[in-house]
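# Report on the structure
One-letter residues, chain by chain:
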Amino acid sequence: MSLSSGQIVEAYEIETVLGSGGFGVTYRVRDRKLGLRFALKEYFPRHAAVRRGDGSVAAQAGREQAFREGLARFLDEGRTLAGLDHPNLASVVRHFEANGTAWLLMPFYDGRTLDHLLVGGGLFDPAETGALLSPLLDALAYLEARGVVHGDIKPANILVQRSGAPVLLDFGAARLAHGDEPGGATAGSAGYAATEQTRGIWAIGPWTDLYGLAATLYRLTSGTIPVPSEDRLEALERGDPDPLVPLRREHASAGVTGFSRGFASAVDRALSVQPEQRPQDVASWRRLLGLSPGRGSTPSSGGAPADADLQAGRRRGTAGGRSDPERRVWLPQALALVLVLGLVAVGAWLWFDRPGPAEGMSADAVSTLPETSLAEDEDAWEQAVRTDSAAAFRGYLEGFPRGRHVQAAREQLALFDQAAWQAAEAEGTLAAFEDYLDRFPDGRFVIEATGRADVARAAEAAAEAEARAAAERDRVAFAAARSVGTDAALDDYLARFPGGNHVEEALALKAANEQARRDEAAWRAAVQRDERDGYAAYLRAFPEGRHLAAALAAVERLTLRPGKRFRDCATCPEMVVIPPGSFEQGSPGDGPLARSNERPQRTVRFPRAFAMSRYEVTFEEWDACVAEGGCRAQPVDNGWGRGRRPVFLVRWIDAVDYVDWLSGKTGEIYELPTESQWEYVARAGQEGAWVGGAPAQVCDHANVAGDETSFDWRHTACADPFSVGTAEVGYFVPNELGVYDMVGNVAEWTRDCMNLSYLDAPTDGSAWERGLCSSRITRGGSWFSGSVEIRLPARFALRSGESNDFTGLRVVRVIDE
């Protein structure tokens, strides 16, 4: 079961399902913030996972270990593939966990897979095959150099973009090749999977991908999916012949021409059942194919002789149709002899073969024929007359060689023979003469048709030879221009071969050069700005650009998603993005320690995300503000130490100076938190009054006046390591949002004015700036606070001009995305 259109995964909205398999589902999604489309692959093993009603994924009962192990491998593959960067390989932009499973985010390529292009049984010619083969070999060489095996090469996993460039998709079976040992079968598809993938008794390596690519070429050029390797291996183990027909024979039976012997032989070699009998790397297979290293060629050339048998005509009794000088010497004499023998035979027939009422039989003999034989003869003749075809009359003669209508049948056949020969002469083509010879192998005009076919075949052979020579000159010139790749070289080719076979390719390369120049200029501009909007603009302008993966990674780096941590400058506080949501602020009124200013409890909603500092502002961060002239107050540290301890002895107006300095330094909007923001983050989803969920858990999260002190107001439910004074920030356990010291250490200033209750307080998370604004609310308690002050809903007022050694600050930042 897949997710439905419109469902959300993090920031991605499901649009449609692109494909699914035994271990995952791939969707086309839209990033709701960027407006860009991606492919998003979900880990969903059908044998070990179930889909809950809310769309999340869980392991099937009893299959938990298999689910977890597969999830770990899926993420490992994502990390491996994220490090790949090749124009003919689908890249992974991001890998993450959500909804109980794992996901791989990839670019969405606009095009069609080979299996869709092959619908209807179409075949690829040598030029089309070469255009795919070269970049795919480059991609496999790139993977081989990095020790990665694709593991599932087949037409469904090769996408042809609108530009014509192929892209290898679905690395669901990708794995590091180095270190693989025999013993376990891996992924693959029937007809395209090598024996080491089905049996698991040989190591996986580059030879495995070569098998898959060779099987794909077999399908593209012959129209037939190869016999599965497991069936072939079982046949060989039984002592039977290999059931896979060699590609050259498959081409011949399908009437495919133009491919070289070397090409077919190289494909057969890569389809060897035993892995050690295949080429062991891409370079070796290139040599067998007759291709230069790193450079493609049409499979009909490349250093191997053309397959003349496949390019020959269909002339009966000849091999291929190539001119044989010796045969041409005796052909006229043979034709003359055949003509003489034919005249002799005709004369003998006219002299000796004079049929009576029934061909070759006396009238008395006819009259003695059984009535059933006569009836059958008549029925067959009537059927032949109704059908009125050469085949029908020929069938009558074969069934009734001495029937009553033999002579009439022969006359009808002669008429069809004459008409067929006149039609062949009128058309005058090799195909027409060969068609006559096929239909009338014993016809009156066999000798003339054979001679005319020989002449036409010779003319066609000469024309084909000249066309091949011209095409070769064209190919060599274009290959040279393409290897240089400049506009000048391509213009020279176009001037020399204005009607050449590669004019469209040359123009496309020129357009690609211009596109590459514009691509590079746009990328440099985006890098110089190094802003999210700049990279997003690059992606919109160049959705298949050379820097696609890098641009997507930069957008991801600069996109402030919930949970992401960041700093806007080296001396700025580390921030964490807080997701939008709602909570119940204050006390319900039934707790023994609750206070009237914590009521009435009400729902507060945050429609947008914001960022809050993970730690209380430290002395070193405050001192940076002082050093740059942004802060006037220079508080002492009571001898407890500065550095990463929280700053204190700062007034509310000093805290405002600090956030103003941050805003001016970064160009972003920094503020003190509102009371609602503070309590929303402090609770992090908890509904009770205590951080950690219970009074005894407080000391795991906070430096408070616990049982380790002698204060009368101490929190007796637990003790922490610090009896007097502050602790370094981050010492204690963070809450569920990854924020530290929300309770204890130092109390924190907020923007809200003092009010005696929550009556008429804002419910949208904004600051309450009505009331007694000469005093501001502090939250969280401190190292000096006992049970009453360290509760999550507790709130206390302090005059904005006062300071003490148990009050500091924390900051928030507006996110405008």
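Residues numbered from 1 in each chain as written. Predicted model: local features only at pLDDT ≥ 70, side-chain atom pairs only at ≥ 80, totals over all residues. Heavy atoms only, no water.

## Observations regarding the sheet that holds strand β23 (residues 807-808)
Condition: Pairing between strands requires that DSSP locate at least two bridges from one strand to the other. Helix and strand assignments follow DSSP, with helices taken as H or I runs no shorter than four residues and strands as E runs no shorter than two, numbered in order from the N terminus.
Pairing in this open sheet of four strands is mixed, and the strands run β22-β21-β20-β23 from one edge to the other. This sheet does not close on itself; its edge strands, each paired only once, are β22 (795-799) and β23. Relative to β22, strand β21 (residues 772-779) runs antiparallel, the two sharing five bridges. For Arg776, the partnering residue across the bridge sits in β22 and is Leu798.

## What to know about the packing of helix α19 (residues 503-529) against helix α20 (residues 532-541)
How two helices pack is summed up by the angle between their axes together with the distance between the axes. Here is the rule we go by: Orientation is described by lines fitted to C-alpha atoms, with helices fitted over the stretch in contact, and by angles between N-to-C directions that extend from 0 to 180 degrees. Here is the rule for angles: anything less than 35 degrees is roughly parallel, anything more than 145 is roughly antiparallel, 65 through 115 is roughly perpendicular, and the remaining ranges are oblique. What makes a crossing left-handed is the near helix being turned counterclockwise from the far one by less than a right angle; a clockwise turn instead makes it right-handed. For this analysis, residues touch if any pair of their heavy atoms sits within 4.5 Å. Residues were grouped as follows: Ala, Val, Leu, Ile, Met, Phe, Trp, Tyr, Cys and Pro as nonpolar; Asp, Glu, Lys and Arg as charged; and all remaining residues, including Gly, as polar.
Between α19 and α20, the shortest axis-to-axis distance is 8 Å and the interhelical angle comes to 165 degrees. Classified by the angle between their axes, α19 and α20 sit roughly antiparallel to one another. For the element pair α19 and α20, the recorded crossing hand is left-handed. Counted together, Asp519, Ala522, Trp523, Ala526, Val527 and Arg529 of α19 and Asp533, Gly534, Tyr535 and Tyr538 of α20 form the full contact between these two elements. Here the residues of the contact of α19 with α20 sort into six nonpolar, one polar and three charged.

## Topic: the pairing of strand β7 (residues 94-98)
Here is the key point about a regular strand: its side chains alternate between the two faces of the sheet. Convention followed: Each residue is assigned to one of three classes by its accessible area relative to the maximum for its type, calculated with a 1.4 Å probe on protein chains only: buried under 20%, partly exposed between the two thresholds, exposed over 50%.
Only one face of β7 is buried, namely the one carrying Arg94, Phe96 and Ala98, since none of His95 and Glu97 on the opposite face is buried. When β7 meets strand β8 (residues 101-107), the two strands line up antiparallel, connected through five bridges. Counterpart to His95 in the pairing with β8 is Leu104. Taking the residues that link successive antiparallel strands as the turn, the β7-β8 hairpin has two residues, and the phi of Asn99 there is positive, at about 60 degrees.

## Digging into the sheet that holds strand β14 (residues 565-566)
Spatial ordering of the open sheet is given by β14-β15-β18-β24-β19, a layout of five strands whose pairing is antiparallel. Only two strands of the sheet have a single partner each, and these edge strands are β14 and β19 (670-671). Of the pairings in the sheet, the one linking strand β15 (residues 575-578) to strand β18 (residues 610-613) comprises four bridges and is antiparallel in character. Following the sheet pairing, Met575 is matched in β18 by Ser613. Running over the sheet, helix α24 (residues 675-683) touches β15, β18 and β24 (812-814) and is turned about 75 degrees from β18.

## What to know about the state of the cysteines
The following threshold applies: When two cysteine sulfur atoms are found within 2.5 Å, that pair is recorded as a disulfide.
For the structure shown, the criterion picks out four disulfides. One disulfide in the model links Cys569 with Cys572; its S-S distance is 1.8 Å. Between Cys569 and Cys572 the sulfur-sulfur dihedral comes to about 100 degrees; the bridge is accordingly right-handed. Judged by relative accessible area, Cys569 falls into the buried class, the value being 17%. A residue is classified by how much of its surface remains accessible, and Cys572, at 1% relative accessible area, is buried. Here the chain pairs its bonded cysteines, counted in sequence order, in the arrangement 1-2, 3-4, 5-6, 7-8.

## Let's talk about the confidence of the model for the chain
Where we set the bar: Confidence scores here are pLDDT values: one per residue, from the predictor, ranging 0 to 100.
Taken over all residues, the pLDDT of the chain has a mean of 86, while the share at 70 or more is 87%. Long-range and interchain partners of residues 173-185, a stretch whose pLDDT sits below 50, account for 36 contacts in this model, where long-range means more than four residues apart. Considering only residues more than four positions removed or in separate chains, one finds that residues 301-369, a stretch of pLDDT under 50, has 75 contacts.

## Structural notes on the pairing of strand β2 (residues 12-20)
The pairing of strand β1 (residues 8-9) with β2 spans two bridges and is antiparallel. In the sheet register, Ile8 faces β2, and the bridge partner there is Glu13. Here β1 folds back onto β2 in antiparallel fashion, the turn holding two residues, of which Glu10 has a positive phi close to 50 degrees. Relative to strand β3 (residues 24-31), β2 runs antiparallel, the two being bridged by seven bridges.

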